[in-house]
Structure formats: C-alpha cells, structure tokens
Amino acid sequence: MQKITPTAPGTHRVDHLLIAEMVEPGSRVLDVGCGDGALLQLLAETKSTDGRGVELSRERVNACVTRGLSVIQGDADRDLADYPDQAFDYAILSLTIQATRYPKTVLENLLRIGRRAIVSFPNFGHWRIRAELLLTGRMPQTRNLPEPWYASPDAHLCTIKDFADLVALVDAEVEDAVAFNTSGQRLSMRRSIWLQNLLGEKAVFLLRKRHGG
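So, a few notes on the structure that sits alongside this text. (Residues numbered from 1 in each chain as written. Predicted model: local features only at pLDDT ≥ 70, side-chain atom pairs only at ≥ 80, totals over all residues. Heavy atoms only, no water.)

1. Looking at the overall build of the chain
Reasoning step 1: Check the secondary structure of the chain and you find eight helices and eight strands.
Reasoning step 2: Against the compact-globule benchmark of 17 Å for 213 residues, the chain has a radius of gyration of 17 Å, which places it among compact chains.
Reasoning step 3: Projecting the C-alpha coordinates of the chain onto the three principal axes gives extents of approximately 45 × 40 × 35 Å.
Reasoning step 4: When each of the 213 residues of the chain is scored for burial, the buried share is 46%.
Reasoning step 5: Sequence separation of 24 or more characterises 65% of the internal contacts of the chain that already satisfy a separation of 6 or more.
Reasoning step 6: In the structure as shown, the chain presents an accessible area of about 10700 Å², 51% of it carried by carbon and sulfur atoms. (Helix = DSSP H or I, 4+ residues; strand = E, 2+ residues; numbered from the N terminus. Rg over C-alpha atoms; globule rule 2.2 N^0.38 Å. Buried < 20%, exposed > 50% of the residue type's maximum accessible area, 1.4 Å probe, protein only. Contact = heavy atoms within 4.5 Å. Areas by Shrake-Rupley, 256 points an atom, 1.4 Å probe, with all protein chains shown as cover.)

Quick look at the structure:
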C-alpha cells in the first residue's frame, strides 16, 4: 500500500487515510454513506479516482454537490440492490455498517457492486469497552461510541472477530485488514486477531468475493 500523508495534522480521519492507501489510482469508487464527502475528496486528490457517493442526509448531499462531488441521496439498506454487478472497482462503507439495519445484506451488496469492498467500523471488543461494561454494568460511552445507548445510531455493534466471522459467512476473503486507535497507531491483522480485537479501537477491512470478481 502507498502511504497517504495528510496535508496537515488532523486534516483527515485515520480510517479515511487507511482506505485511501488500499485504493488503486484511477479506480471507480462508490462511497456508501459518504457523509460530507471528505473521503471522496481525499481519493480524488490522492488517487485520481472516479468517485460517486450515496448519502441518506439531504443536507449532506447538498453540501457534497456544492463541493463538486457526484453524490445522490440514498439508503444503504434499501437502495444498493439497484446497482449492477461489479459497477465499481471499490464499494466503500466507512464507519457506517454498524448503523445499518441489515449489515449482512449490505455487505453482500458491497461485494457484488464492487470488485472489492472496503469496510471500516468501531470495534466493540476494545479493552476499554470491555472494562466499562464489566465495571459499571452499563452500555459503554467512549470517544468512538459517545452517545448513550438510547440516542446512538449504532444498531448493530460488533467486534473485529464478529466481523471476520461475517466475512467468512458471505464467502469473502480478506485481502488486507488493519486495526488502529484514534491516534493512528496501526496493528496489522497479520498478528493475532485476538490481540487486534483487544487493542484496536477501529478496523478497516479490504475484501473480495472468494469466487470470481
């Protein structure tokens, strides 16, 4: 992977930088749940990608279009089925899969739409979360999960081990995976997944279908 250096400290989210390192230059990219378009902009600037975005919030769609990005309003749970097979080189879902209603179906669609899929998510198996749940008996609130349980958009929190199990279930293979913390320290998945599940606050997986693609 080519390491991407941000233009200034704190300019880009760590998972966005890791995703950008996984994307080949000149690729066609679909960013699902693209938010304000920061990742699409980063990929265009550093990898000259042909990017498209899907975003649920009309306000964020308008903000993206104002920035010159090609983004439409859509719902990952409902609208991905309308995209043709392998229409993109990469279908990306960054810090969004835990907020979908049907994560398995969403992941299957990503792997169908893109020749590869890239997914980042917060790791509910991190030691701070385990400790807070053990010591307080309450759903944890951390830097990565700041909302109380009743206000959180995260309907399906998972651990790195949970996601790895889901990858196997949908007959995909992991081409690359990195766990990391909010300061950007990386923990390669080539080490023990048990250790990454304990120490990684978030993770990024690069996937492809095991057969074809």
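2. Quick notes on the pattern of salt bridges
Reasoning step 1: Throughout the structure, instances matching the rule amount to 11 salt bridges.
Reasoning step 2: We note a salt bridge from Glu175 to Arg208, for which the minimum N-O separation is 3.2 Å. Here Glu175 is found in strand β6 (residues 172-180), whereas its partner Arg208 is found in strand β8 (residues 202-209), with 33 residues between them in sequence.
Reasoning step 3: Exposure remark for Glu175: the relative accessible area of 32% places this residue in the partly exposed category.
Reasoning step 4: Residue classification places Arg208 among the buried residues on the basis of a relative accessible area of 18%.
Reasoning step 5: Through salt bridges with shared partners, a single network forms among Arg28, Asp50 and Arg52. (Salt bridge = Lys/Arg side-chain N within 4 Å of Asp/Glu carboxyl O.)

3. Quick word on the environment of Val14
Reasoning step 1: You can see Val14 is positioned in helix α1 (residues 14-22).
Reasoning step 2: For Val14, a relative accessible area of 22% translates into the label partly exposed.
Reasoning step 3: As a C-alpha pair, Val14 and Ile113 span 99 residues in sequence and 25 Å in three-dimensional space.
Reasoning step 4: Once residues within four sequence positions are removed from consideration, Val14 is found in contact with Phe180, Thr182 and Gly184.

4. Some points on the pairing of strand β5 (residues 114-122)
Reasoning step 1: With seven of nine residues buried, β5 lies mostly within the body of the structure.
Reasoning step 2: Two strands pair when backbone bridges link them, and strand β4 (residues 88-94) and β5 are joined in this way by six bridges, in the parallel orientation. Across the sheet, residue Leu93 finds its bridge partner in β5, namely Val119.
Reasoning step 3: This β-α-β element, β4 to helix α5 (residues 103-113) to β5, shows right-handed connectivity.
Reasoning step 4: By the bridge criterion, six bridges tie β5 to β8 in an arrangement that is antiparallel. Bridging across to β8, Ser120 finds its partner in Val204. (Pairing = 2+ DSSP bridges. Right-handed = clockwise from strand over helix to strand, strands pointing away.)

5. Section: the packing of aromatic side chains
Reasoning step 1: Inspection of the entire model under this criterion finds five aromatic pairs.
Reasoning step 2: Here Tyr83 and Phe88 contribute two aromatic rings whose centre-to-centre distance is 6.4 Å and whose plane-to-plane angle is 55 degrees, an arrangement assigned as tilted. Assigned by exposure class, Tyr83 and Phe88 land together as buried.
Reasoning step 3: Arranged with centres 5.9 Å apart and planes meeting at 25 degrees, the rings of Phe121 and Phe205 form a pair that is stacked. Of this pair, Phe121 sits in strand β5 while Phe205 is found in strand β8, placing the two residues 84 residues apart along the sequence. Each member of the pair, Phe121 together with Phe205, is buried.
Reasoning step 4: Joined through ring pairs, the aromatic side chains of Phe121, Phe163 and Phe205 make up one cluster.
Reasoning step 5: The lysine or arginine in question, Arg28, covers the ring of Phe88, its NZ or CZ lying 4.8 Å from the ring centre. (Phe/Tyr/Trp six-rings, centres within 6.5 Å; stacked < 30°, edge-to-face > 60°. Lys NZ or Arg CZ within 6 Å of the ring centre and 35° of its normal.)

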